[in-house]
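Spelled out, the chains give:
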Amino acid sequence: ALAYFKKVRISWALILPTMFAAFIFAFLGAMSVSFIPKEPMRYLVFFLLIIMAIYTFCKKDLGQIHTTLHAGKKEIFLGMLAGAVIGYYDGIFGPGTGSFLLFMFVKVFAFDFLHASALSKIGNFMTNFAALSFFIPTGHVLFSLGLMMAVANVIGSVVGVKMALKYGSGFIRILFLILVVILILRLSYQIFF
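This is a predicted model, so every value here is computed, not measured.

A. Focus on the overall build of the chain. Helices and strands together make up the secondary structure of the chain, namely 7 helices and 0 strands. Secondary structure of the chain in N-to-C order comes out as α-α-α-α-α-α-α. On C-alpha atoms alone, the chain measures out to a radius of gyration of 16 Å, which is about the 16 Å that the 2.2 N^0.38 rule sets for 193 residues. Sorting the 193 residues of the chain into buried and exposed places 42% on the buried side. Carbon together with sulfur atoms contributes 75% to the accessible area of the chain, which is approximately 11,000 Å² in total. Positive and negative side-chain charges of the chain, numbering 15 and 5 respectively, have mean locations separated by a distance of 6 Å.

Below, the structure is given as structure tokens:
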């Protein structure tokens, strides 16, 4: 997120209310995680990812052109609504949150993949921060494993941001499709095998 701040113009009027809603609902999602069965969530995410992949693959121009967004009341409301839904989902379940955020910023707000990627990183940071705000005090974090994964994640993110900034939206679109297909395969293995 910090690397994107230096190179990509951020729509703060849209992202701040979206982040606020995502944070609150991710925290609520984390609180309710023990009450919601995981299996139906897997099926739901599985089908949503398939729809996103097909839609992105068929719409060749999706996310290729950046539209300057006027963040009016309607856009802010949609951002907060999407932030709340995706934040709640991330607090409960998690996999694919970044992809859902990215797709939302491209499809709903007509950002290109580069700007949408920057905004999704901010949103994903907030949902993870909110969930950890609940899970750490309640003792549900494996710190040794989590810290190793965090270091690897930061290294991968730094490399990814440099490549995204160098190669642009077309490159991110391809990686987005690859990632969504990998998530679909992973979930299909968990569901059907």
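B. Region of the structure containing the environment of F100. Among the structural elements, F100 can be located in helix 5 (residues 97–107). In sequence terms F100 and L49 are 51 residues apart; their C-alpha atoms lie 8.3 Å from each other. Aside from chain neighbours lying at most four places away, what touches F100 is V45, L48, L49, M52, I86, Y89 and P95.

C. Main features of the packing of helix 5 against helix 6 (residues 113–135). Between helix 5 and helix 6, whose axes approach to 8 Å, the crossing angle comes to 135°. The angle between helix 5 and helix 6 places the two elements in the oblique class. Between helix 5 and helix 6 lies a crossing of right-handed hand. For the pair helix 5 and helix 6, the contacting residues are T97, G98, L101, L102, F105 and V106 in the first and F113, A116, S117, L119, S120, G123, N124 and T127 in the second. Each residue belonging to the contact of helix 5 with helix 6 can be placed in one class, and the counts come to 7 nonpolar, 7 polar and no charged.

D. Broad picture of the packing of aromatic side chains. Using the criterion set out here, one finds 15 aromatic pairs in the structure. Relative to F134, the ring of F27 has its centre 5.9 Å away and its plane inclined at 90°; by these criteria the two rings are edge-to-face. You can see F27 sitting in helix 2 (residues 12–31) and its partner F134 sitting in helix 6, a full 107 residues away along the chain. Ring geometry for Y167 and F171: centres 5.3 Å apart, planes at 45°, overall tilted. Highlighted residues: Y167 and F171, both in helix 7 (residues 143–192), separated by 4 residues, approximately one helical turn. With a relative accessible area of 48%, Y167 lands in the partly exposed category. A cation over a ring is seen here: K60 above F57, with NZ or CZ 3.9 Å from the ring centre.

E. Spotlight on the packing of helix 4 (residues 73–92) against helix 5. The interhelical angle for the contact between helix 4 and helix 5, taken along N-to-C directions, is 170°, at an axis separation of 10 Å. Looking at the two axes, helix 4 sits roughly antiparallel to helix 5. Seen from helix 4, the contacting residues are A82, I86, Y89 and D90; seen from helix 5, they are T97, F100, L101 and M104.

F. Structural context of helix 3 (residues 38–58). In this model helix 3 runs 30 Å from its N-terminal to its C-terminal C-alpha over 21 residues, within 8% of the 30 Å that 1.5 Å per residue would give. Among the structural elements, helix 4, helix 5, helix 6 and helix 7 are those in contact with the buried residues of helix 3.

Calculation criteria
- Residues numbered from 1 in each chain as written.
- Predicted model: local features only at pLDDT ≥ 70, side-chain atom pairs only at ≥ 80, totals over all residues.
- Heavy atoms only, no water.
- Helix = DSSP H or I, 4+ residues; strand = E, 2+ residues; numbered from the N terminus.
- Rg over C-alpha atoms; globule rule 2.2 N^0.38 Å.
- Buried < 20%, exposed > 50% of the residue type's maximum accessible area, 1.4 Å probe, protein only.
- Areas by Shrake-Rupley, 256 points an atom, 1.4 Å probe, with all protein chains shown as cover.
- Lys, Arg positive; Asp, Glu negative; His and termini not counted.
- Charge placed at Lys NZ, Arg CZ, Asp CG, Glu CD.
- Contact = heavy atoms within 4.5 Å.
- Axes fitted to C-alpha atoms, helices over the stretch in contact; angles between N-to-C directions.
- Parallel < 35°, antiparallel > 145°, perpendicular 65-115°, else oblique.
- Left-handed = near helix turned anticlockwise from the far one by under 90°.
- Nonpolar A, V, L, I, M, F, W, Y, C, P; charged D, E, K, R; others polar.
- Phe/Tyr/Trp six-rings, centres within 6.5 Å; stacked < 30°, edge-to-face > 60°.
- Lys NZ or Arg CZ within 6 Å of the ring centre and 35° of its normal.
- Expected span 1.5 Å × (residues − 1).

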